Amino acid sequence: MEPILALDRLSKSIPESGRSLFANVSAQVAAGDRIAVLGASGQGKSTLLKVLSLLVGADRGDIRLEGKSFEQWEPKDWRSKVVYFSQQPYMLPGTIESNMTAVSRLHRREFDRRLAEELLSKLGLGRLDWSKEAETLSGGEKQRVALARGLLLKPDILLLDETTASLDANSKALAEETLLEWHRREGSAAIWVTHDPEQARRMSERIWFLSDGKLQEDTAAESFFEHPVTAAARAYLRLPEGGPSSCP
Ligand SMILES: Nc1ncnc2c1ncn2[C@@H]1O[C@H](COP(=O)(O)OP(=O)(O)OP(=O)(O)O)[C@@H](O)[C@H]1O
């Protein structure tokens, strides 16, 4: 089956210093895939998501969505299908209501108020006063409003950048449940950058492991956690060289 998204030898360096962040990253995403991107800090995981959402340009390589190179897409159309959920949620100036309706205005779609209310309620924000200024929300509330706002686009691929990092344990659990239910209902794929291997286990069936500027492992989650192939992944998971079975 044709992958929904194909990464073809993507390379990216830091503009100022020229230091390579990653090189020749190739991978494929099928409809409905749930992938966690793991790797130590500073490996370029967030940058990779930004490249995939066309917010940042790659230095080399191609990305194909539905078989068509990014160069043949209007960025706006691409970003209605491949939605980036930033680590630092961005609220548009104005009320929560105007934030929730913004994507409909931008993409000329009818606003689905019932779905918006349902999503906010599932995320623990059912009692939110929509006439409040969005800027007055707490960091965790902004994160959840941004999540609901992005889901209203019904994207084919969610790019989740440490989406629950600023949430308390209860809100984090609600966000995970909402996203799993969304996946079952809408069949969207998700590529999730997380620093939490347990969250990666819960939320994904595949792992992309980035280290030393390369996609070192692209494998089933179970196999990655039980039998990581590379020394870098073993070190990341703090496994002894002999394998998990050699643990005392
Ligand atoms: N536009 C930019 N200008 C300068 N440096 C940048 C730019 N974009 C990324 N970097 C640097 O590239 C490195 C990788 O950043 P990135 O946020 O993609 O990594 P990461 O793997 O997601 O890190 P973390 O896990 O800590 O969030 C960092 O050192 C960052 O400072």
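Treat the numbers as computed from the prediction; the structure is a model and nothing was measured.

Time to look at the nonpolar core. In this structure, Met100, Val145, Leu147, Leu151, Leu158, Leu160 and Leu179 are the most contacted members of the largest nonpolar core, which totals 32 residues. Elements represented by at least two residues in this core include exactly strand S6 (82-85), helix H3 (96-107), helix H4 (113-122), helix H5 (139-151), strand S7 (157-161), helix H6 (169-186) and strand S8 (189-193). A total of five residues in this core trace back to one element, the largest contributor, which is H5. Within the second largest apolar cluster, 29 residues are counted, among which are Leu7, Leu54, Val82 and Trp208.

Residues in contact with the ligand amount to 14 residues; listed here are only the nearest, Ser41, Lys45, Ser46, Thr47 and His195. Here an oxygen atom of the ligand sits 3.0 Å away from a polar atom, N or O, in the main chain of Gly44. Ranked by the residues each element gives to the shell around the ligand, the list is headed by helix H1 (residues 45-52), at three residues. Of the residues contributing to the shell around the ligand, the split by class is three nonpolar, seven polar and four charged.

Moving on, we come to the packing of H3 against H5. Here H3 crosses H5 at 25°, and the two axes come no closer than 9 Å. Judged on the interaxial angle alone, H5 and H3 are roughly parallel. Judged by the twist between their axes, the crossing of H3 over H5 is right-handed. Taken together, the residues of H5 that come into contact with H3 (itself represented by Asn99, Met100 and Val103) are Val145, Ala148 and Arg149. Per-class residue counts for the contact of H3 with H5 are four nonpolar, one polar and one charged.

Our next topic: the pairing of strand S1 (residues 5-13). Here six bridges tie S1 to strand S2 (residues 20-29), and the two strands are oriented antiparallel to one another. Pairing of Leu7 across the sheet is with Ala27, part of S2. Summarising the sheet, S1 and strand S4 (residues 60-65) pair through five bridges and their orientation is antiparallel. Opposite Ala6, over in S4, you have Arg64 as the bridge partner.

When the pLDDT values of the chain are averaged, the result is 93; 96% of them are 70 or greater. H3 is the least confidently modelled element of the chain, averaging 91 in pLDDT, while strand S3 (residues 34-38) averages 98, the highest of any element. Predicted complex metrics record ipTM = 0.93 and pTM = 0.93.

Let us now look at the environment of Ala165. Tracing the sequence through the fold places Ala165 in the loop between S7 and H6. Expressed as a C-alpha distance, the spacing of Ala165 and Gln143, which sit 22 residues apart in the sequence, is 9.3 Å.

Phi is mostly negative for residues that are not glycine, and the peptide bonds are mostly trans. Although it is not a glycine, Leu54 sits at a positive phi angle of roughly 65°. Judged by its relative accessible area of 16%, Leu54 is buried. Even without a glycine there, the phi angle at Arg108 is positive, about 50°. Of note, Arg108 is situated in the loop between H3 and H4.

Reading across from one edge, S2-S1-S4-S5 is the order of the four strands in this open sheet, with antiparallel pairing throughout. The sheet terminates laterally at S2 and strand S5 (68-69), the two strands that pair on one side only. Lying on the sheet, H1 is in contact with S1, S2 and S4; it crosses S1 at an angle near 125°.

Turning our attention to the pairing of strand S9 (residues 206-211). In terms of residue burial, S9 counts as a mostly covered element, since six of its six residues are buried. Of the two faces of S9, the one holding Arg206, Trp208 and Leu210 and the one holding Ile207, Phe209 and Ser211 are both buried throughout. Pairing of S3 with S9, which is carried by four bridges, proceeds in the parallel orientation. Along S9, the bridge assignment pairs Ala36 with Ile207.

What counts and what doesn't
Residue numbers restart at each chain and count upward from 1, following the sequence in its written direction. Local features in this predicted model are restricted to residues of pLDDT 70 or higher, and side-chain atom pairs are both shown and tallied only at a pLDDT of 80 or more, whereas totals for entire chains, interfaces and linings draw on every residue. Side-chain figures throughout are based on the complete set of non-hydrogen atoms in the structure, without hydrogens or water. Among buried residues, those of type Ala, Val, Leu, Ile, Met, Phe, Trp, Tyr and Cys that are joined through side-chain atoms within 4.5 Å constitute a nonpolar core. Think of it in three bands: residues with accessible area under 20% of the maximum for their type are buried, residues over 50% are exposed, and the middle band is partly exposed, with areas taken using a 1.4 Å probe on protein chains only. Secondary structure elements follow DSSP: runs of H or I no shorter than four residues count as helices, runs of E no shorter than two count as strands, and numbering proceeds from the N terminus. Any residue with a non-hydrogen atom lying within 4 Å of a molecule or strand is treated as near it. As used in this structure description, the phrase polar contact means that two N or O atoms lie within 3.5 Å; if the pair is within protein, one of them must be able to donate a hydrogen and the other to accept it, and residues adjacent in sequence are counted only when both atoms belong to side chains. When residues are sorted by character, Ala, Val, Leu, Ile, Met, Phe, Trp, Tyr, Cys and Pro go into the nonpolar class, Asp, Glu, Lys and Arg into the charged class, and all the rest, Gly among them, into the polar class. Comment: axis = line fitted to C-alpha atoms, over the contacting stretch for helices; angle = value between 0 and 180 degrees taken between N-to-C directions. Roughly parallel refers to an angle under 35 degrees, roughly antiparallel to one over 145, roughly perpendicular to one between 65 and 115, and oblique to any angle outside these ranges. The hand of a helix crossing depends on one turn: near helix anticlockwise from the far one by less than a right angle means left-handed, and clockwise means right-handed. Whether two residues are in contact is decided by their heavy atoms: any pair within 4.5 Å suffices. DSSP calls a pair of strands paired once it identifies at least 2 bridges connecting them. Note on scores: pLDDT gives the predictor's confidence for each residue, bounded by 0 and 100.

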